[in-house]
Amino acid sequence: MSQSIVLQVGQCGNQIGGRFWDLVLQEQAMYNRSGIYDDSMSSFFRHVDERRGQQNLGIGSGTARIRGLKARGIMIDMEEGVVNQIMRSPIHELFDADQIITSVSGSGNNWAVGYHVYGQEYAETILEAVRRQAEYCDTLQSFFVIHSMGGGTGSGLGSYTLGLLADYYPAIYRFVAGIVPSPNDDVVTSPYNSIMSLRQMDQSADCVMPVDNQALAAIYDRIQSKADVGPLARKKGSAITDSTALETAGLLRSSVVKAKDRAFDTMNNIVANLLLNMTSSTRFEGNMNVDINDIVTNLVPFPRLKYLFSSMTPLYTLTDVRVAPRRLDQMFADAFSPESQLVSVDPRSSVYLASALIVRGAVEVSDLRRNIDRMRKTLRFVPWNVDGWKTGLCSVPPIGQPHALLSLSNNCSMRVVLGRVADRFTKLYRRKANLHHYLEHMETGDFDEARASLRSLISEYGQHEAGCRG
């Protein structure tokens, strides 16, 4: 199997990254009871023997017992708080000192500082860290960049890092999980940061999965409102917001965050589960596994239209775990509902360019095909890609669930999401509010170019939507 490297940048990126490494380690431990270092484990972890100074033992025959593991990842932040928290947690042993790049000053919620100041200062350090991790890989397949678009370090230094990957590793696919600020975001400069981040994604990313906090909060509230008793109750440890599936089963203790931070942390679990399910086919066997790069090939019909809607169902498992056909069919229907989307918009109101369904667990191919045929009748696809479905079946379910579905869709209603970013930017930029902080490091022309680029992108989505109506 091939390997991927995860770069988590800024406070938000490292909070989500911390949850990802905790959960992927739990999942690998659940399905690798023998403790063997195999292809599945090598996807995100390298095998080490620190006592003997061996930093990359490789897979070999696939029968060697694990001596030690290191994450194929890099933590980057210009403040030390979140990274220090991770390094005090049970997963700290996954990271060596050369996988951590931090400072103490922060970027002051300023994209320009993160990009132009820290980007130039830490470029060589970041490239060296990436080079080292890349050399440890037998077959490097993709990079995952996790960051927020609204802050300073995540947006600015995250953008710079993405550009470095595009320049130095152009043949390796670059996936981005970018957190889009909500309309009630408390960072006043987030519209500036967001539009500049989108500009860099337009130039350097191969595939982007936007996520907004408003949608995450709504999903969290839905899960928490579910009853705890009765056959239709939510099964403990089964929700995509839960951190404690293995702890519930008595197999592993998970305590990356303090109890008082649990509510906020559970929303980060949703994004971590997105990455878990997206990479499940690269880590486990299945009848119709999906190569991670197939997502780009099948879901990105034009270079700029690379922004995907994502949703996961079910959000939790019921106490009654019998999988009735009606409940299975509901899982597919829920995947396209606005309540399940990780961005606050209803994609059913617009046109699909392409869609992928990645199913995990005990689901038959006939169930998958039956539900696709059923969904065809309710969803509108562009006329030149009416059969634009990519499907995958991974036999290994998520922890705590008998089956699960990840939906990734390229839909023209993404123009609504991008339009919100453009509108918030225009309101702030019209008054030149807080602009002087940015002009110390960049020109107003940079903002104008970013705005023109975003408008062009929105227009391109709109043209395909209008063409379908016509």
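Conventions adopted
Residues numbered from 1 in each chain as written. Predicted model: local features only at pLDDT ≥ 70, side-chain atom pairs only at ≥ 80, totals over all residues. Heavy atoms only, no water. Core = buried A, V, L, I, M, F, W, Y, C linked by side-chain atoms within 4.5 Å. Buried < 20%, exposed > 50% of the residue type's maximum accessible area, 1.4 Å probe, protein only. Helix = DSSP H or I, 4+ residues; strand = E, 2+ residues; numbered from the N terminus. Contact = heavy atoms within 4.5 Å. Pairing = 2+ DSSP bridges. Axes fitted to C-alpha atoms, helices over the stretch in contact; angles between N-to-C directions. Parallel < 35°, antiparallel > 145°, perpendicular 65-115°, else oblique. Left-handed = near helix turned anticlockwise from the far one by under 90°. Nonpolar A, V, L, I, M, F, W, Y, C, P; charged D, E, K, R; others polar. Polar contact = N/O pair within 3.5 Å; in protein donor to acceptor, adjacent residues only side chain to side chain. Salt bridge = Lys/Arg side-chain N within 4 Å of Asp/Glu carboxyl O. Phe/Tyr/Trp six-rings, centres within 6.5 Å; stacked < 30°, edge-to-face > 60°.

> I'd like a rundown of the nonpolar core, residues and numbers included.
Of all hydrophobic cores here, the largest spans 66 residues; its most connected members are I76, F143, M201, F447, L454 and Y461. Broken down by element, this core gets its largest block of residues, 12 residues, from helix α4 (residues 111-135). Setting aside chain neighbours within four positions, we find I76 in contact with L7, Q8, V9, G10, N14, I101, I126, L157 and T161. Of all hydrophobic cores here, the second largest spans 56 residues; its members include I179, L276, V300 and I358.

> Let's hear about unusual backbone geometry: which residues, and what values?
The omega torsion of the bond from T313 to P314 falls at -10°, within 30 degrees of zero and hence cis. Inspection of the secondary structure puts P314 in the loop between β9 (309-313) and α12 (325-335). Its identity is not glycine, yet N109 carries a phi of approximately 55°, on the positive side. As for its position among the elements, N109 is in the loop between β5 (100-102) and α4. Positive phi, normally seen in glycine, also occurs at N434, with a value near 60°. In this fold, N434 is placed in the loop between α14 (414-430) and α15 (436-439). The exposure class assigned to N434 is partly exposed, which follows from its relative accessible area of 25%.

> Account for the sheet that holds strand β10 (residues 352-361), naming residues and giving values.
Think of a sheet as strands paired side by side through backbone hydrogen bonds, with each pair either parallel or antiparallel. Across the sheet, which stays open at both edges, the 4 strands sit in the order β9-β12-β10-β11 with mixed pairing between neighbours. The outermost strands of the open sheet, each flanked by one partner alone, are β9 and β11 (389-394). Between one strand axis and the next, the sheet turns through 10° on average, direction left out of account. As defined by bridge partners, β10 adjoins strand β12 (residues 403-411) across 9 bridges and the pair is classed as antiparallel. Looking at β12, one finds that A356 is bridged to L408. The strands that helix α11 (residues 292-299) touches are β10, β11 and β12; relative to β10, the one it contacts most, it runs at about 155°.

> Describe the pairing of β9, with residues and values.
Buried residues dominate β9, accounting for 5 of its 5 residues. What you see with β9 is no split at all: F309, S311 and T313 on one side and S310 and M312 on the other are buried throughout.

> Lay out the packing of α4 against helix α5 (residues 153-168) in plain terms, naming residues and giving numbers.
At their nearest, the axes of α4 and α5 sit 8 Å apart, and the two run at 45° to each other. Judged by the inter-axis angle, α4 sits oblique to α5. The two elements α4 and α5 cross, and the hand of that crossing is right-handed. Note on element contacts: α5 touches α4 through S155, G156, L157, S159, Y160, T161, L164, L165 and Y168, opposite W111, G114, Y115, Y118, G119, Q120, A123, I126, L127 and V130. In terms of residue class, the contact of α4 with α5 is built from 12 nonpolar, 7 polar and no charged.

> Tell me about the side chain of R283, and please be specific about residues and values.
Tracing the sequence through the fold places R283 in helix α10 (residues 280-283). According to the relative accessible area criterion, R283 is buried, its value standing at 1%. Here T279 takes part through its side chain, which lies 3.3 Å from a polar atom of the side chain of R283.

> Mind laying out the pattern of salt bridges, listing which residues take part and the relevant values?
Going through the model one piece at a time under the given rule, you end up with 21 salt bridges. Across the salt bridge formed by D202 and R304, the nearest N and O atoms sit 3.0 Å from each other. Taken together, the positions of D202 in helix α6 (residues 190-204) and R304 in the loop between α11 and β9 put the pair 102 residues apart, joining distant regions of the chain. In terms of burial, D202 and R304 fall into one category: buried. Shared partners join several salt bridges into a network, and the residues in it are D98, E128, R131, R132 and E135.

> Before we move on, can you summarise the packing of aromatic side chains with the specific residues and values?
In total, this model carries 25 aromatic pairs according to the counting rule given. Between F143 and Y169, the aromatic rings sit 5.4 Å apart at their centres with planes inclined by 70°, giving edge-to-face as the arrangement. Here Y169 lies in the loop between α5 and β7 (173-180) and F143 lies in strand β6 (residues 140-148), a separation of 26 residues in the sequence. Each member of the pair, F143 as well as Y169, carries the same accessibility label: buried.

Functional significance is not addressed by these values, which are geometric in nature.
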